[in-house]
Amino acid sequence: MTTRFTKCRICRDGKLVNGEDVIVSTQTGLIVESTSKDDDEVIDLGNKILAPGFIELQTNGMRGFHFTHFEDDASYQKKLDEVARYLPSTGVTAFYATIPTVSSDDFKKILPSLVPREISGGAALLGAHAEGPYLHPDKKGAHNSSLFHPPSTSPLEVYGSIASSDKTLKLVTLAPELVETDSLIKSLVANNIRVSLGHSTATYDEGLSGLKSGATCLTHTLNAMPPLSSRTPGLAGLVTSSHAPYYSIIIDGHHLHPTMATLLFRSNPSKCIIITDSIELAGLEDGTYPGHAQIPFNQTKIGSRVVIEGTETLIGGCAGLGECVANLVRWSGCSVPEGVRCVTSNIVGLMGERERGRLELGRRADLVVLSDEGEIEETNRDLVYLHHTTVSRNHNTAGAAQDGVATSASSAKSAAIPQAAGDDSVIEEPAAAPATTVGVTELSPLPTDECADGVRYAWDVETEEDG
Ligand SMILES: CC(=O)N[C@@H]1[C@@H](O)[C@H](O)[C@@H](COP(=O)(O)O)O[C@@H]1O
């Protein structure tokens, strides 16, 4: 049994490929070779762009749930499921959950709940990214530097036994200028855990030394690190070095000026990774919200910008990944497949993921349909196809039939992939849920009389003493 996606342009290695179909086994959900023209279902995409499902390398949460909010494993898994089911509406079919600096007790409590798993009707959880606690206090950003540790505290002490393998802990962000970082990097890399450099004051040379020890990425380049300047390129200058790492950038219009985003992207497009760095306020209405253990201050969200209330300190992002890809296309003038590569094959290249991120034989058929501008149009949101045990479709929004891709849209809306007689494999059909309510954990803005009317918190002043 196969489903053939046809009349489309395919994103492959940063280029658009015309005249090829993508054929998916409905039994395995994998991309297979064409065996006959006699497919069980043919989906005509009306010349739209077909891309691999996007992968989110760095999100701290969304829709009211921050991944550091942990009460017990059962409620945590439920909230993860809600987030995972919301993500396809932003083009995301797999994600790594970021845990920014928390206490070692909290790391040990939370990380075991982030074992990679499939989530029915949602994006797959691919594991955890620990952003901290080996960071530099002068570049703490919105982290609590009183919880930072020097590299001499072993990963086992900080993260617990989860640090002894790459089963759950997939990526660690650390500052390479800290004393004894090189041996820390080597010990993490020896367990196949990827290391990214960030929240750091490092010079170019200190960064180079980190790369030589085994680090392979930079975390939200130019944010929480020194600027690029004429004679002191800093960590960001490494993007074109002989050991050029992958490097992530937040393209939400607040973290990087569009020109800087373009400069970074153009420096090394096959190593550039787009992240959202989203926090729990992503997907919620604007307002001022209470903080929590990781951010003990009120947080003010306006559009996709979120700061510690009364300050200019950015806490993280609130844009969706699809929006960020479209921003890159618009700002840099790059092609849609070049933008797509930054959320697909570049990420699997960094992480050594072999099952996703490319539309090639044997990989999972996680697919997203895009416009010529690289946008996941409102009406196309149910054109995100998720692989699980079988091909399934995300039906988050109504209206796909009216968007001019009549064949695919109407087929995606109304028809499950047909099952051959006698085949009792389950065609997964996630429960329809409007995008506006999927995955919202109860969290409301504070009443305005509880919000600051001016600068109230001096985060940097308050915490300078602990640095
Ligand atoms: C979760 C996380 O770490 N997010 C960082 C934040 O800490 C930092 O404040 C901001 C801006 O950094 P900048 O002011 O140095 O550009 O970038 C990211 O949002």
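Everything quoted here is computed from the prediction, not taken from an experiment.

Novice: Is there a simple way to think about the layout of surface pockets in this case?
Specialist: In this model, the second largest pocket occupies a volume close to 410 Å³. Lining the second largest pocket are 26 residues, and of these Tyr86, Thr90, Ala319, Gly320 and Glu323 lie nearest its centre. Split by residue class, the lining of the second largest pocket holds 11 nonpolar, 9 polar and 6 charged. For the lining of the second largest pocket, the domains that each give at least three residues are domain 1 (2-52 + 355-407) and domain 2 (54-351).

Novice: Looking at this model, I keep getting lost on the pattern of salt bridges. Mind explaining?
Specialist: Any two side chains of opposite charge can pair, so long as their charged atoms come close to each other. Taken as a whole and assessed by the stated rule, the structure comprises 16 salt bridges. We note a salt bridge from Lys301 to Asp286, for which the minimum N-O separation is 2.7 Å. Here Lys301, found in strand β17 (residues 299-302), pairs with Asp286, found in the loop between β15 (272-275) and β16 (287-289); they are 15 residues apart in sequence, far enough to count as distant. Taking the relative accessible area as the measure of exposure, Lys301 reaches 6% and is therefore buried. Glu360 is the salt-bridge partner of Arg363, the closest N and O atoms lying 3.0 Å from each other. In this structure Arg363 comes out as buried when scored by relative accessible area, which is 11%.

Novice: Is there a simple way to think about the site of the ligand in this case?
Specialist: Around the ligand sit 14 residues, and of these Ala142, Asn223, Ala224, His255 and Leu314 come closest. His199 has a polar side-chain atom sitting 2.9 Å from an oxygen atom of the ligand. For the ligand, whose unbound accessible area comes to 450 Å², protein coverage reaches 82%. For the shell around the ligand, the element with the most residues is strand β19 (residues 314-317), which contributes 3 residues.

Novice: In this structure, what is going on with unusual backbone geometry? I would like to understand it.
Specialist: Keep in mind that most residues, glycine aside, have a negative phi and that most peptide bonds are trans. Residue Pro133 is reached from Gly132 by a cis peptide bond, and omega for that bond is 10°. Tracing the chain through its elements places Pro133 in the loop between β10 (124-131) and α3 (155-159). At Lys7, a residue that is not glycine, the phi angle is positive and equals roughly 50°. Despite not being glycine, Leu222 has its phi angle at roughly 75°, a positive value. When its relative accessible area of 16% is taken as the criterion, Leu222 is described as buried.

Novice: What's the story with the side chain of Ser345 in this structure? I'm lost.
Specialist: Mapped onto the elements of the fold, Ser345 is located in helix α9 (residues 345-351). Discounting residues that sit within four places of it in the chain, Ser345 has contacts with Gly357 and Arg358.

Novice: It is not clear to me how the packing of helix α6 (residues 258-267) against helix α7 (residues 321-332) should be interpreted in this structure. Could you clarify?
Specialist: Think of two packed helices as two axes; the pair is described by the angle between the axes and how far apart they sit. Following both chains from N to C, one finds α6 and α7 inclined at 90°, their axes separated by 9 Å at the closest point. By the angle between their directions, the pair α6 and α7 is classed as roughly perpendicular. Judged by residue contacts, Pro258, Ala261, Thr262, Phe265 and Arg266 of α6 engage Leu328, Trp331 and Ser332 from α7. Within the contact of α6 with α7, the residues separate by chemical class into 5 nonpolar, 2 polar and 1 charged.

Novice: For this particular structure, what's the right way to read the domain arrangement of the protein?
Specialist: It is common to give the size of an interface as the accessible area that goes away when the parts come together. Along its sequence, the protein is carved into domain 1 (2-52 + 355-407) and domain 2 (54-351). Placing a centre on the C-alpha atoms of domain 1 and another on those of domain 2 gives a separation of 28 Å. In this assembly, 30 residues from domain 1 lie in contact with 30 residues from domain 2. Summing both sides of the interface, domain 1 and domain 2 together bury roughly 2,100 Å²; the carbon and sulfur share of this comes to 64%. Viewed at the interface, domain 2 and domain 1 are joined by 2 salt bridges. For Glu118, the salt bridge goes to Arg364, with nearest N and O atoms at 2.3 Å. At the junction of domain 1 and domain 2, the tally comes to 4 residue pairs in polar contact (both at pLDDT 80 or more). When contributions to the side of domain 1 that touches domain 2 are tallied by element, the ones reaching two or more residues are β2 (15-17), β5 (41-52), β20 (367-370) and β21 (384-387).

Definitions and cut-offs
Residues numbered from 1 in each chain as written. Predicted model: local features only at pLDDT ≥ 70, side-chain atom pairs only at ≥ 80, totals over all residues. Heavy atoms only, no water. 1 Å grid on protein atoms, 1.4 Å probe; cavity = no way out; pocket = protein on both sides within 12 Å on 5 of 7 lines; lining within 4 Å. Points joined across faces, edges and corners; volume = space filled by probe spheres on them. Nonpolar A, V, L, I, M, F, W, Y, C, P; charged D, E, K, R; others polar. Domains from an automatic or database assignment. Salt bridge = Lys/Arg side-chain N within 4 Å of Asp/Glu carboxyl O. Helix = DSSP H or I, 4+ residues; strand = E, 2+ residues; numbered from the N terminus. Buried < 20%, exposed > 50% of the residue type's maximum accessible area, 1.4 Å probe, protein only. Near = heavy atom within 4 Å. Polar contact = N/O pair within 3.5 Å; in protein donor to acceptor, adjacent residues only side chain to side chain. Areas by Shrake-Rupley, 256 points an atom, 1.4 Å probe, with all protein chains shown as cover. Contact = heavy atoms within 4.5 Å. Axes fitted to C-alpha atoms, helices over the stretch in contact; angles between N-to-C directions. Parallel < 35°, antiparallel > 145°, perpendicular 65-115°, else oblique. Buried area = accessible area lost by both parts, 1.4 Å probe.

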